[in-house]
Amino acid sequence: MRPPPLLPDRSLPVLALAMLAVLATLAAAALLGVRGIDRHLHPALDSVSETVGRDVAGQASRAVTAGVPFDRLAGVPAYLDTILAFDPRIVAIVLLRADGVVAHARGPLAGPAAAALTAHPAAPTAPLGLAGGRAAPVPVLAGEAPVGQVLVVVGPALEASALLRFALVALLIGLGLAALAALSARTLLCLTRDRPLDGLTGLLAETDRGDLGRRWEGSAPGALGRLIARVERRRADLAGRAHHLTLSAFAARAGHFDPAPLNAIDAAERQGLDGLQRTGLTDPPPLTGDEAPLRRAAVAGLLLAEALLLPLWPALPASAAAVALGLAALPLLAIPFGVWLARRVLAGFARGLIFTAGALIAAAALVALGAVEETGGRAVSRLLTGAGLGMALAAATIGAPRHRSGLFGGAALALLAGLPLAAALAVLAPAALLPTLLPGIAAMVLAITGLLGGLTLPARVPAAPSEHREPAP
Amino acid sequence: MSAGGPLALRLGLAVAALLLAALLAAALLLADLRDRAEAELRAARFTYTVATLKVSLETALGLGLSLPSLEGAQALIDDELARDPDLLSIDIFAADGRLLFTTDTVGIRSRVPERWHAALDQPLWRVEDRGVEALGSGLENAFGVVVGGIALRHAAPTASVLSLAPDRLPAAALAGLWALATLLAGLGFVLLLRRDEAALAALATATGPWRGSAVRSQGPDADRHAGRGAALPVGPALAAFEDRCRMIEARLAAADAEIARLDRQD
């Protein structure tokens, strides 16, 4: 039975903080950047406004120069409607008299634009923001004399579809990086806290069993490391005393030939060493940390890479739902096969070996997925990815202690559920943006996954239970 | 940063690296968004210019004039080029590809590229060649026959995500955001782990050099330190460990004394 943990589990708040930091920073950067881009695009909007306004002003100027009063220009609304129909970004066209009074206003946002101009103290002389867009004033001339102005309102700078695509991709990347942050935090917690605590637990348990000869070979930073070092020194001190007793008994026996004192010395030595076990210095270290969290972290990383690479599917035909289902189906169908393979066919092999094989198959198939162009090759890659993931998933979860499986089991399930989500995102964002960015991100994920996978390789043989060791004389 | 130092520091560094990656990804996405939006606005502007020129020229063609005989065409495209500094050239060409009017003052061309000529049947076409985009349209007479075309050339906007410049993206703001987020995350980790680390440090201090003495036998200061860690499960576990050590120690001492006595007896 596993002893109770020595420290409360802080994984959830630490992981939540790591994920929150990444997501909140990315969201803030996105908002900041979009506002910056909006400002940056003002000159481009002004140019469009000026180009269109110059054309409208040119038509009006010709009529006014020919003698038609600016207020009585015929057919202006119909003409402005043809201009408005040219581009949906032109949301209003306003003709102002020289005194700043609105003569004509057309367009979906003509009302707010006219109202804003009416509230303006004087006719604008420079490009300005109007009704959420930008407008550059262009004069209407009668000969050389200005008789009015044309303001073509163009905007907004960023279209809703572009913003939606940006938001979806940013969300996808944010989720991926947040998952990576969680994996990194979990790995650090495992290496610098969970494993040393397991080591400390083992040292205390070994002391309780009377085994003073073993040492924990790991290292831990900070106070935990100091505490473990002191516990080890304390145990070493006791072991030295036990060794001293053995030597004293040996020395005391020298020169005695009468069995009575020899027996008495033997009895005193046995009494002193009662409950202590004799272990050799060459015994393997018995204490191993629980590697299941790292294995689950690696599986989660592979699942994440798979989810990120989903949009690499070639041209998306038919309906969105069918495509999303089809994309998600291949790896999802293959995962149970991998689990079955690990549990039944490879049941005789070590769990770590199955995990490593599955993770390597999945990682190689993911790399191949990014490299091949043909649909058939990608289908095979996805099937192999699913099978590898299934094997790794099975090896990471079978027989693992329950108290730590919840979080990463949940993460794995969430990422499994994220596969169709990523497919849906791929359908919603068919622009070339996703395929251009994703291979780089996937490579980064794979690199970290490989690192985690390397950390999970079983380096130590679990110790035999202490009860079977040789008792003290 | 006394308590929670090393682990919080490692967590903070890991998160800082990922925040950097997140901000780099955000910068790339934002640059892409900016370049696309800018390119679309430029395209809208030039498309409008082409459409305006097309209407002007087709109005004249509708009167029965032939395209080569349009005397005002050269002035029209010259004016348009003068008004827009982003334009490289405007060409008007016949249906067979022969160049009729152009703002290209070098004048080494007599025919337009074959790709322009081939695209005449499309209402609006775009051809990009070595960073220069040509935008054009066919010109129809009153009978709907394509008698030529008009093409406008402009430098295609660089859509590369590497074209990041400090003045185009809020680089300083992103750097500040990174620093702030890293600081806040680091502080959060310190606060989250502070209690555990403080308790562990207290226990490590309370156990002292451990030269055969117990946690609870080192005076009131040790008691105070140990008390901070006693609330955590590690406290009772260490106390039990110390009890066990003291018991072993006492037994070893007693046996040692007994053996010494037996040795002296003879």
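What counts, and where the lines are drawn
All chains use their own residue numbering, which begins from 1 and follows the written sequence. Starting at A for chains and at 1 for ligands, labels are handed out in the order in which the entities are written. Owing to the predicted nature of the model, reporting of local features is limited to residues with pLDDT of at least 70; listing and counting of side-chain atom pairs is limited to 80 or more, with chain, interface and lining totals taken over all residues. For the side-chain quantities, the full set of heavy atoms in the structure was used; hydrogens and water were omitted. Each helix is a run of H or I in the DSSP string that is no shorter than four residues. Each strand is a run of E no shorter than two, and both are numbered from the N terminus. Each residue gets one of three labels from its accessible area relative to the maximum for its type: buried under 20%, exposed over 50%, partly exposed in between, using a 1.4 Å probe on protein chains only. Method for areas: the Shrake-Rupley scheme with a 1.4 Å probe, in which residue coverage is limited to the protein chains shown. Grid points spaced at 1 Å and placed over the protein atoms alone form the basis of the search, with a cavity being a set where a 1.4 Å probe fits but cannot get out and a pocket an open set showing protein on both sides within 12 Å along at least five of seven lines. Lining residues have an atom within 4 Å of a point. Grid points are joined across faces, edges and corners, and a volume is the space filled by probe spheres set on the points. The criterion used for residue contact is that any of the two residues' heavy atoms lie within 4.5 Å. We define buried area as the total accessible area lost by two parts upon association, computed with a 1.4 Å probe and summed across both. Take a side-chain nitrogen of Lys or Arg and a carboxyl oxygen of Asp or Glu: if they are within 4 Å of each other, that pair is a salt bridge. Within 3.5 Å is the distance limit for a polar contact, defined as a pair of N or O atoms, with the added protein rule that one can donate a hydrogen and the other accept it, and that residues adjacent in sequence qualify only through two side-chain atoms. A pair of strands is treated as paired once DSSP finds two or more bridges between them. To obtain an axis, a line is fitted to C-alpha atoms, over the contacting stretch when the element is a helix, and the angle between two such axes runs from 0 to 180 degrees between their N-to-C directions.

### A few points about the overall build of chain A
A tally of regular secondary structure across chain A gives 13 helices and six strands. A buried classification covers 49% of the 473 residues belonging to chain A. About 20800 Å² of surface is accessible on chain A, with carbon and sulfur atoms providing 66% of the total.

### Focus on empty space enclosed by the protein
Rolled over the atoms, a probe as big as a water molecule pinpoints where empty space is left. Summed over the entire model, instances satisfying the criterion amount to three cavities of 30 Å³ or more. A volume near 60 Å³ is recorded for the largest cavity. Lining the largest cavity, in full, are A:Arg89, A:Ala157, A:Leu158, A:Glu159, A:Ala162, A:Arg165, B:Leu33, B:Arg36, B:Ala37, B:Glu40 and B:Leu41. Those elements that place two or more of their residues in the lining of the largest cavity are helix H5 (160–209) of chain A together with helix H1 (5–62) of chain B. The greatest single-element share of the lining of the largest cavity, amounting to five residues, is contributed by H1(B).

### Brief notes about the interface of chain A and chain B
In this assembly, 93 residues from chain A lie in contact with 77 residues from chain B. Roughly 7400 Å² of surface becomes buried between chain A and chain B when both sides are summed, with 75% attributable to carbon and sulfur atoms. Counting every contact that joins chain A to chain B gives seven salt bridges. The partner of B:Glu80 in a salt bridge is A:Arg54, and the shortest N-O contact between them spans 3.4 Å. Along the contact surface separating chain A from chain B lie 12 residue pairs in polar contact (both at pLDDT 80 or more). Mapped by element, the contributors of at least two residues to the side of chain A that touches chain B are helix H1 (11–40), helix H2 (42–65), helix H3 (76–86), H5, helix H6 (222–253), helix H7 (259–272) and helix H13 (433–455) of chain A.

### Observations regarding the pairing of strand E5 (residues 146–155) of chain B
Residue and element names in this part refer to chain B. Here seven bridges tie strand E1 (residues 87–94) to E5, and the two strands are oriented antiparallel to one another. In the strand pairing of E5, phenylalanine 93 is matched with glycine 149. Both strand E4 (residues 132–140) and E5 contribute to a ladder of nine bridges, which runs antiparallel. By the bridge assignment, glycine 136 is partnered in E5 with alanine 151. Between the antiparallel neighbours E4 and E5 lie five residues, among them glycine 144 with a positive phi of about 80°.

### Structural notes on the pattern of salt bridges
This model, assessed by the stated rule, comprises 26 salt bridges over all chains. Of the charged contacts in the structure, one is a salt bridge between A:Arg241 and A:Asp237, with a shortest N-O distance of 3.5 Å. Taken together, the residues A:Arg241 and A:Asp237, both in helix H6 and four residues apart, mark about one turn of the helix. On the basis of relative accessibility, which here comes to 26%, the residue A:Asp237 falls in the partly exposed class. One network of salt bridges, in which partners are shared, links A:Arg234, A:Asp237, A:Arg241, B:Glu242 and B:Glu249.

### A look at the sheet that holds E1(B)
Residues and elements named next belong to chain B. A sheet is described by the order of its strands in space; here five strands give the open sequence E2-E1-E5-E4-E3, paired in antiparallel fashion. Two strands bound the open sheet, and with one partner strand each, they are strand E2 (99–102) and strand E3 (125–129). Averaged over all pairs of adjacent strands, the angle between strand axes in this sheet comes to 25°, irrespective of strand direction. Against the sheet, helix H2 (residues 73–83) makes contact with E1 and E2, and its axis sits at roughly 160° relative to E1, the strand it touches most.

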